[in-house]
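Chains, contacts and geometry: an overview
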Amino acid sequence: MKLTTIICCAVLILFGLGAAAFALTGFDLLRFICFGNDIVYRSLLSLTGVSALWLIFWLIAFRPTDQLN
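I will try to describe carefully the structure that is included in this document.

What counts and how
Residues numbered from 1 in each chain as written. Predicted model: local features only at pLDDT ≥ 70, side-chain atom pairs only at ≥ 80, totals over all residues. Heavy atoms only, no water. Helix = DSSP H or I, 4+ residues; strand = E, 2+ residues; numbered from the N terminus. Expected span 1.5 Å × (residues − 1). Buried < 20%, exposed > 50% of the residue type's maximum accessible area, 1.4 Å probe, protein only. Contact = heavy atoms within 4.5 Å. Polar contact = N/O pair within 3.5 Å; in protein donor to acceptor, adjacent residues only side chain to side chain.

A few words now on helix H1 (residues 2–25). Its 24 residues give H1 an end-to-end C-alpha distance of 35 Å, which sits within 8% of 34 Å, the value for a rise of 1.5 Å per residue. All buried positions along H1 are accounted for by Thr5, Cys8, Val11 and Gly18. Lining the buried residues of H1 we find helix H2 (29–33) and helix H3 (38–62). Once H1 ends, the next one or two residues include Gly26, with phi positive near 85°.

So this is what it looks like as structure tokens:
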């Protein structure tokens, strides 16, 4: 469970850095990694969506911020 959460966080961080590079330079790093293949590009974007949904579930189910009070 913890490993899955760490992997999902890493995926979102890497995709966020790629999005920042695209926003700042106009070079789409993710499309470059996918060699311009639209199917692979969409599947990687859907992986990001699944990672985000997993992290939302994890935050709701386990409430890691309860101990911050």
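With that settled, consider H3. The terminal C-alpha atoms of H3 lie 36 Å apart, and with 25 residues this matches the ideal 36 Å at 1.5 Å per residue to within 8%. Within H3, burial applies to Tyr41, Thr48, Ser51 and Leu55. Among the structural elements, H1 and H2 are those in contact with the buried residues of H3. Regarding H3, its N-cap is Asn37, as a side-chain oxygen of that residue lies 3.2 Å from the backbone nitrogen of Ile39 further along. A positive phi of about 45° marks Arg63, the residue just after H3.

Everything listed here is a matter of geometry and, on its own, says nothing about what the molecule does.
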